[in-house]
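Residues per chain are reported as follows:
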Amino acid sequence: MDLAHKVALVTGASRGIGRAVALELARAGAAVAVNYTASEGPAREVVQEIERMGGKAIPVRFDVADPEAVARGVKEVEEALGAIDILVNNAGITRDGLLVRLKDEDWERVLSVNLRGAFLVTRAVLPGMMKRRYGRIINISSVVAFSGNPGQTNYAASKAGLVGFSRSLALEVARRGITVNVVAPGFIETDMTAALPEKAREALLSRVPMGRAGTPQEVAHAVVFLASDRASYITGTVLHVNGGLW
Ligand code: NAP
């Protein structure tokens, strides 16, 4: 998985899956831009950890749902590290609730960060990839895009949206040497799932055929594979990382 001389931008890389993806991409040799919004300390720690292993990284703060901030952030990354070869749209949030009571702002914020955010960052990065006729875009969806989950209509819609987005973009840019794929994690141990009530965690875990939650690193390995030249003929696909859950 030689990613030497490649530049990667990972959104939401201060914690959880994004953090593991940033570390694994760096381990494979890529220079990594570690995006975050609130968690400045943890983002800086990810950068330091990459530097300790002899890699190159910068923290870059922007809200993926804010078009101006995205444009500024992408420019900052390209000035510091060079043109972006690998984009991982990982930033994501939940605002759970049954549909009958779901607030407008909870629908809108989840769709804005999870789906519109991927659109905005991809659109900012894509011209450079098209010019250089090379790119790897990996969008982090979720098993619930496929299975559904009560209380997560907004989240599942955003994550299913990412699948249609990725399929369509893959067709648009296939002839430009750019691949677009989706990784759909199942139940992964992160702050996001730690926030679930104990009962919901147990119910979810009991449905996983492998009998355990996945680790952020197990998702990161799938992302690094899709970012590597070993996946050069794979585009428009979904790689499920879920212990058999789907
Ligand atoms: P997490 O631990 O809650 O971390 C979320 C990350 O996203 C943080 O780094 C956070 O940064 C960043 N973020 C949130 N809003 C952002 C915004 N507007 N702009 C930029 N960054 C933002 O989540 P996770 O569990 O690692 O999930 C990562 C991705 O995997 C998400 O897309 C999630 O939907 C997906 N996923 C997770 C699971 C799971 O079981 N954990 C399963 C399927 C899919 P700050 O702290 O700086 O805000």
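The model shown is predicted, which means the values in this text are computed figures rather than measured ones. (Residues numbered from 1 in each chain as written. Predicted model: local features only at pLDDT ≥ 70, side-chain atom pairs only at ≥ 80, totals over all residues. Heavy atoms only, no water.)

Student: Help me out: how do you make sense of the packing of helix 4 (residues 104–132) against helix 6 (residues 153–173) in this one?
Tutor: With their axes 8 Å apart at the nearest point, helix 4 and helix 6 run at an angle of 20° to one another. The orientation of helix 4 relative to helix 6 falls into the category roughly parallel. Crossing hand, helix 4 versus helix 6: right-handed. Contacts between helix 4 and helix 6 involve Asp106, Trp107, Val110, Leu111, Asn114, Leu115, Ala118, Phe119, Thr122 and Leu126 from the first element and Thr153, Asn154, Tyr155, Ala157, Ser158, Lys159, Gly161, Leu162, Phe165, Leu169 and Val173 from the second. (Axes fitted to C-alpha atoms, helices over the stretch in contact; angles between N-to-C directions. Helix = DSSP H or I, 4+ residues; strand = E, 2+ residues; numbered from the N terminus. Parallel < 35°, antiparallel > 145°, perpendicular 65-115°, else oblique. Left-handed = near helix turned anticlockwise from the far one by under 90°. Contact = heavy atoms within 4.5 Å.)

Student: Explanation requested: helix 4 in the structure shown.
Tutor: An α-helical segment advances 3.6 residues per turn. Residues three or four places apart therefore align on the same side. When the terminal C-alpha atoms of helix 4 are compared, their 41 Å separation across 29 residues agrees well with the 42 Å that a helix rising 1.5 Å per residue should span. Along helix 4, the helix axis deviates most sharply at arginine 116, where the bend reaches about 40°. (Expected span 1.5 Å × (residues − 1). Bend = angle between axes of the 7 residues up to and from the residue.)

Student: Please explain the site of the ligand as it appears in this structure.
Tutor: Among the 33 residues in the neighbourhood of the ligand, the closest are listed as Thr37, Ser39, Asn90, Tyr155 and Thr190. At 2.7 Å, a backbone N or O of asparagine 90 approaches an oxygen atom of the ligand. Threonine 190 is positioned such that a nitrogen or oxygen atom in its side chain is 2.5 Å from an oxygen atom of the ligand. Here the ligand loses 94% of its free accessible area of 890 Å² to cover by the protein chains. Every element with two or more residues in the shell around the ligand is listed here: helix 1 (16–27), strand 2 (31–36), helix 4, helix 6 and helix 7 (191–194). Broken down by element, the shell around the ligand gets its largest block of residues, three residues, from helix 7. Partitioned by chemical class, the residues of the shell around the ligand number 15 nonpolar, 13 polar and five charged. (Near = heavy atom within 4 Å. Polar contact = N/O pair within 3.5 Å; in protein donor to acceptor, adjacent residues only side chain to side chain. Areas by Shrake-Rupley, 256 points an atom, 1.4 Å probe, with all protein chains shown as cover. Nonpolar A, V, L, I, M, F, W, Y, C, P; charged D, E, K, R; others polar.)

Student: What should I look at first to understand the side chain of threonine 190 in this one?
Tutor: Mapped onto the fold, threonine 190 is located in the loop between strand 6 (178–185) and helix 7. By relative accessible area, which is 16% here, threonine 190 ends up buried. Apart from residues lying up to four places away in sequence, threonine 190 is in contact with Gly16, Ile17 and Pro216. (Buried < 20%, exposed > 50% of the residue type's maximum accessible area, 1.4 Å probe, protein only.)

Student: For this particular structure, what's the right way to read the pairing of strand 2?
Tutor: The two faces of a sheet get side chains in turn, since along a regular strand they alternate between them. Here strand 2 lies mainly inside the structure; six of its six residues are buried. Residues Ala31, Ala33 and Asn35 line one face of strand 2 and the alternating positions Val32, Val34 and Tyr36 line the opposite face, and both faces are buried. Where strand 1 (residues 7–10) and strand 2 come together, four bridges link them in parallel fashion. For valine 7, the partnering residue across the bridge sits in strand 2 and is alanine 31. Handedness of the crossover joining strand 1 and strand 2 through helix 1 is recorded here as right-handed. Relative to strand 3 (residues 57–61), strand 2 runs parallel, the two sharing five bridges. Within strand 3, the position partnered with alanine 33 by the bridge is isoleucine 58. Between the parallel elements strand 2 and strand 3, the chain passes through helix 2 (residues 40–52) in a crossover that is right-handed. (Pairing = 2+ DSSP bridges. Right-handed = clockwise from strand over helix to strand, strands pointing away.)

Student: Help me understand the UniProt feature "active site" (unreviewed entry) in the chain in this model?
Tutor: Listed under "active site" (unreviewed entry) in the UniProt record, and renumbered for this structure, are Tyr155. Mapped onto the elements, tyrosine 155 comes out in helix 6. Apart from the residues lying within four places of it in its own chain, the contact partners of tyrosine 155 are Ile93, Thr94, Val110, Asn114, Ser142, Val144 and Met192. (UniProt positions renumbered as here; feature names shortened; annotations may be inferred.)

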